[in-house]
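The primary structure of each chain is shown beneath.
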Amino acid sequence: MSKIIWSKIDEAPALATYSLLPIVNAFTKAAGVEVVLSDISLAGRVLAAMGLAEDELSKLGEVVLQEDANIIKLPNISASVGQLKDCIAELQGQGYDIPNYPENPANDSEKAIQAKYSTCLGSAVNPVLREGNSDRRAAVAVKNFAKKNPHKLRAFSENSKAYVAHMEGNGDFYGNEKSVTSDKDQKVTIALNGKELTTIKALAGEVLDGTFMSVAALKAFYKKTIEDAKANDVLWSLHLKATMMKISDPIMFGHGFVAFFEDVFAKYADTFKELNVNPNQGMSDLEKKIKGHAKEAEIKAAFKAALDSDAPKLAMVDSDKGTTNFNASNDVIIDASMPVVVREGGKQWDRTGAAVECVAVIPDSTYGMFHAEMVADCVKNGQYDVTTMGTMQNIGLMAQKAEEYGSHPTTFELAEAGTVTVTTEDGKVLMSFECEAGDIWRMSRAKDIPIKDWVRLTVERTRIEGIPAVFWLDENRAHDAEMIKKVKKYLADFDTNGLDIQFMNVTDATRFTNARIRQGLNTIAVTGNVLRDHLTDMYPILELGTSAKMLSIVPLLAGGGLYETGAGGSAPKHVEQFLKEGHLRWDSLGEFLALAESLRFLGHKHSDAKLSALTAALDKANEGYLDNSKEPSRKAGEPDNKASHFYLAQYWAKALAEGDNAELAAKFAPVAKALSEKEDQIISELLAVEGKAQNIGGYFHPNDELAQKAMRPSATLNAIIESI
Ligand SMILES: NC(=O)C1=CN([C@@H]2O[C@H](COP(=O)(O)OP(=O)(O)OC[C@H]3O[C@@H](n4cnc5c(N)ncnc54)[C@H](OP(=O)(O)O)[C@@H]3O)[C@@H](O)[C@H]2O)C=CC1
Ligand SMILES: O=C(O)CCC(=O)C(=O)O
Ligand SMILES: [Mg+2]
């Protein structure tokens, strides 16, 4: 039997899996394919780190290097320290004998525990599995469906005051960047004032970037944006990626938190020191640390007074609960948060829950430029029209921890002022930087093989689509200048006759893409790893309503396939609703589409007629799902995720029964009949649990039996599925 690995992950997609996977397996087994779970959830990884479970992630890290790898990867939690601590507490509550997370390790044993747990922090999964570049786009059927059934995008008001503020290249990562290409395999040492910070093994042809964020410049920038927000009467909001850039971005978040509440942090400096308050972990952590302290009420009042004062209004993550943009560094994640700003007409929510025009603060101009142009375009030309807009497809350089996304082992908050040097083992100084204490120094890397593959994939996709492709590379950015040389060299290795392949800086590329989108035209954006992330939420959220509906394929360098589902996250808000009222609004369309691609890959590899028939029927089922609008509703009492899985099964069985593979047709004819005849009964059994609170025995580590029960409440449906 062929094998597809389906990741067991967290939150909403994990709940959906309890209902979907039994259906999937019943169908695929008929064509000799078994879909097996591999636990890479946060809880699973925590237990593995403590030696209490198999290390499934490391195993998958080996699978992706094999040519027959076939993995469906659902979105997982990229944990902040807060999420990790909550997960540990839950597991301890379930009886697992694991230690607390030592935030400030006092001895070697605590340091060892912290080191083990830190393997679970931030984006610990994706960089391991992504041994290939990224091909993200909306399937034609999905795009057409969105055009015909447009979701709501709010208009930008005339003379909208919304804008993006970023540093202007002075003192930020963009402005300070230097870049070299390693001429051979060699050891390279990063040192501060001659003291080694780390040593890496650079490969021949690898692009190495060094850069730093000047903390003085960052603080001055925050101060100015706060003053400007007040003067412009707009809501102030901060957008970072503290999960993926897990060293640099929490620090930048912390500086923002302190800058906004400068007086409070100054007044209570001694108390905060005594309580080990770390602004990088946000207000939620601060509140836990001051709990029970004599000054708790006074400090809380001081924060509230600061918000009531003449400071600009601060964006909220949840106005009902009173949590602000500074609640936790991972509450506002730029790839998901900036599309919402654009979708809502340049607005975010204030304390009363009112939508107010905002300044979105994105310190580093490298990527701030994209968002600035995105917002400026809408302010100038108005909101996009979902019914006519063209599409953006992305080819992202992602393999082998490319660029900033692999940079956390080479990112440092400098303990002292001085010179950072990057030196080869033969003593050649490749780069050097004059920095201040507290500056955030970072090296990013992009290996040669992934770059060449990225060019190959671009040529292949551009040929298939017959639309222009733009490399978003800026000759004025040090890294991009190195990349342009390489890309031009590798393009010459491929037949590009008749293809429209261009190079533009970020602002021009955004303008070009958006102007085409407004004319209903399609464009391929060929980008590095960070823009891949930002673009593949921004455009799908505008075009399709959610990036969960897009295809996210990773053709692995070794020949296998990694099929990610959508481009978004694990939707914690959906779990909250499910636990309260039994309604799961997660749309599994991303999983359906990924499964089709994964089966197609197997079918091609084995030239298997049965598999091809199964895949063709799933394609049909997916079309039916879209055409008949079977996506989950948002409200309890109406069909949810479980019902949407039923419809997928019904359409899939029908397509098989009517398909030209006689064996599968015979097998699925009775299934199709039963699923059609029993539809009313099944739907009423599924709706019977709506509106009721659910107990699944855990948030990060639910009890499988309870969760199965909660997600499979229709005995009629279960019996039909089991009969296959
Ligand atoms: N590939 C990966 O593994 C990724 C993981 N993450 C992780 O996910 C977690 C949550 O991230 P967050 O930034 O809140 O973003 P999410 O994408 O999880 O959630 C944002 C919102 O998007 C909508 N949404 C997302 N997916 C679906 C879907 N399948 N069906 C319907 N609606 C959907 C929901 O909107 P509404 O509430 O309006 O229904 C949801 O609340 C974090 O821990 C983060 O680190 C984030 C990105 C990618
Ligand atoms: O791995 C993560 O933390 C997030 C991944 C992500 O946002 C993406 O790849 O689009
Ligand atoms: Mg993303």
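Residues numbered from 1 in each chain as written. Chains lettered and ligands numbered in written order. Predicted model: local features only at pLDDT ≥ 70, side-chain atom pairs only at ≥ 80, totals over all residues. Heavy atoms only, no water.

1. Description of the site of ligand 2
- Within the structure, ligand 2 sits among S78, S123, N126, R130, R136, K241, M244, D335, R532, D533 and A567.
- A distance of 2.5 Å is found between an oxygen atom of ligand 2 and a side-chain nitrogen or oxygen belonging to S78.
- Note that an oxygen atom of ligand 2 is positioned 2.8 Å from one of the side-chain N or O atoms of R130.
- If ligand 2 stood free it would expose 290 Å²; the protein chains cover 90% of that surface.
- Looking at which domains feed residues into the shell around ligand 2, each of domain 1 (2-131 + 563-722) and domain 2 (163-170 + 215-381) gives three or more. (Near = heavy atom within 4 Å. Polar contact = N/O pair within 3.5 Å; in protein donor to acceptor, adjacent residues only side chain to side chain. Areas by Shrake-Rupley, 256 points an atom, 1.4 Å probe, with all protein chains shown as cover. Domains from an automatic or database assignment.)

2. Points about the site of ligand 1
- Near ligand 1 lie 22 residues; those nearest to it are G568, G569, A571, H574 and R585.
- A distance of 3.2 Å separates an oxygen atom of ligand 1 from a polar atom in the side chain of K73.
- Contacts to ligand 1 include H574, whose side-chain N or O atom sits 2.8 Å from an oxygen atom.
- Notes on ligand 1: free accessible area 890 Å², of which the protein chains cover 81%.
- Here the shell around ligand 1 takes three residues from helix α21 (residues 572-581), the largest share from any one element.
- When its residues are assigned to classes, the shell around ligand 1 shows eight nonpolar, nine polar and five charged.
- Looking at which domains feed residues into the shell around ligand 1, each of domain 1 (2-131 + 563-722) and domain 2 (163-170 + 215-381) gives three or more. (Helix = DSSP H or I, 4+ residues; strand = E, 2+ residues; numbered from the N terminus. Nonpolar A, V, L, I, M, F, W, Y, C, P; charged D, E, K, R; others polar.)

3. Regarding the domain arrangement of the protein
- Domain annotation for the protein reports domain 1 (2-131 + 563-722), domain 2 (163-170 + 215-381), domain 3 (178-213 + 408-445) and domain 4 (389-400 + 448-549).
- Listed per partner, the contact involves nine residues of domain 3 and eight residues of domain 4.
- Summed over both partners, the interface of domain 3 with domain 4 comes to about 560 Å²; 56% of that surface belongs to carbon and sulfur atoms.
- Remark: the boundary between domain 3 and domain 4 carries zero salt bridges.
- Inspection of the domain 3/domain 4 interface yields three residue pairs in polar contact (both at pLDDT 80 or more).
- Breaking the side of domain 3 that touches domain 4 down by element, the ones donating at least two residues are β6 (178-181) and β9 (207-213).
- Among the elements that line the side of domain 3 that touches domain 4, the one with the most residues is β6, at four residues.
- By residue class, the composition of the side of domain 3 that touches domain 4 is three nonpolar, three polar and three charged. (Contact = heavy atoms within 4.5 Å. Buried area = accessible area lost by both parts, 1.4 Å probe. Salt bridge = Lys/Arg side-chain N within 4 Å of Asp/Glu carboxyl O.)

4. Structural notes on the side chain of D335
- Within the element layout of this structure, D335 appears in helix α15 (residues 334-343).
- Reaching out from D335, the side chain makes a polar contact with the side chain of K241 at a distance of 2.8 Å.
- Sequence-distant contacts of D335, defined by excluding residues within four places in its chain, comprise K241, D533, H534 and D537.

5. A few points about the coordination of the magnesium ion (ligand 3)
- Taken together, D335 (OD) and D533 (OD) make up the full set of protein donors to the magnesium ion (ligand 3), lying 1.9 to 2.0 Å away. One end of the pair, D335, is in helix α15; the other, D533, is in helix α20 (residues 529-544), and 198 residues separate them in sequence. This pair shows no difference in class: D335 is buried, exactly as D533 is. (Donors = N, O, S within 2.8 Å, 3.2 Å for Na, K, Ca; no water. Buried < 20%, exposed > 50% of the residue type's maximum accessible area, 1.4 Å probe, protein only.)

6. A short note on empty space enclosed by the protein
- For the structure on display, the rule yields six cavities of 30 Å³ or more.
- As a volume, the largest cavity reaches approximately 160 Å³.
- Those elements that provide at least two residues to the lining of the largest cavity are α10 (248-260) and α20.
- Of the residues that constitute the lining of the largest cavity, the class distribution is eight nonpolar, two polar and five charged.
- Approximately 130 Å³ is the volume found for the second largest cavity. (1 Å grid on protein atoms, 1.4 Å probe; cavity = no way out; pocket = protein on both sides within 12 Å on 5 of 7 lines; lining within 4 Å. Points joined across faces, edges and corners; volume = space filled by probe spheres on them.)

7. Looking at the sheet that holds strand β23 (residues 551-555)
- Here 10 strands make up an open sheet; going across it, the order is β2-β1-β3-β24-β23-β4-β15-β22-β20-β21 and the pairing mixed. Strands at the two margins of the open sheet, each flanked by one partner only, are β2 (33-39) and β21 (501-504). Within the sheet, the average angular offset between the axes of one strand and its neighbour, ignoring direction, is 20°.
- As paired elements, strand β20 (residues 469-472) and β21 share four bridges and run parallel to each other. Paired with V470 across the strands is Q502, a residue of β21. (Pairing = 2+ DSSP bridges. Axes fitted to C-alpha atoms, helices over the stretch in contact; angles between N-to-C directions.)

8. Concerning the confidence of the model for the protein
- Put simply, the protein has an average pLDDT of 97, and 100% of its residues get 70 or more.
- Scored as a whole, the predicted complex attains pTM 0.96, and scored at its interfaces, ipTM 0.98. (pLDDT = per-residue confidence, 0-100.)

9. So, the nonpolar core
- Of all hydrophobic cores here, the largest spans 80 residues; its most connected members are F27, L599, W652 and L675.
- With 10 residues, helix α24 (residues 641-658) is the largest single contributor of residues to this core.
- Those residues in contact with W652 that sit more than four places away from it in its chain are V24, F27, T28, L595, L599, L614, A617, L618 and A621.
- One finds F156, V356, V530 and Y539 within the second-largest nonpolar core, a separate group that totals 42 residues. (Core = buried A, V, L, I, M, F, W, Y, C linked by side-chain atoms within 4.5 Å.)

10. Quick word on the pattern of salt bridges
- A full pass over the atoms with the stated rule returns 47 salt bridges.
- Linking R461 and D135 is a salt bridge whose minimum nitrogen-to-oxygen distance equals 3.9 Å. Here D135 lies in strand β4 (residues 134-137) and R461 lies in helix α17 (residues 448-465), a separation of 326 residues in the sequence.
- Residue R461 is classed as buried on the basis of its relative accessible area, which comes to 6%.
- Among the salt bridges present, the one from R136 reaches E564, with a minimum N-O distance of 3.7 Å. With a gap of 428 residues between them, R136 in strand β4 and E564 in strand β24 (residues 561-565) connect regions that are remote in the sequence. The exposure classification of R136 matches that of E564, with both residues buried.
- Several salt bridges share partner residues, and in doing so they unite K85, E103, D285 and K289 into one network.

11. A word on the sheet that holds strand β7 (residues 186-192)
- In spatial order, the strands read β8-β7-β17-β18; together these four strands make up an open sheet with antiparallel pairing. Among the strands making up the open sheet, the edge pair consists of β8 (195-202) and β18 (429-435). Adjacent strand axes in the sheet meet at a mean angle of 15°, parallel and antiparallel pairs treated alike.
- With six bridges connecting them, strand β17 (residues 418-424) and β18 associate as antiparallel partners. Residue V420 lies in a different strand from β18, and its bridge partner there is F433.

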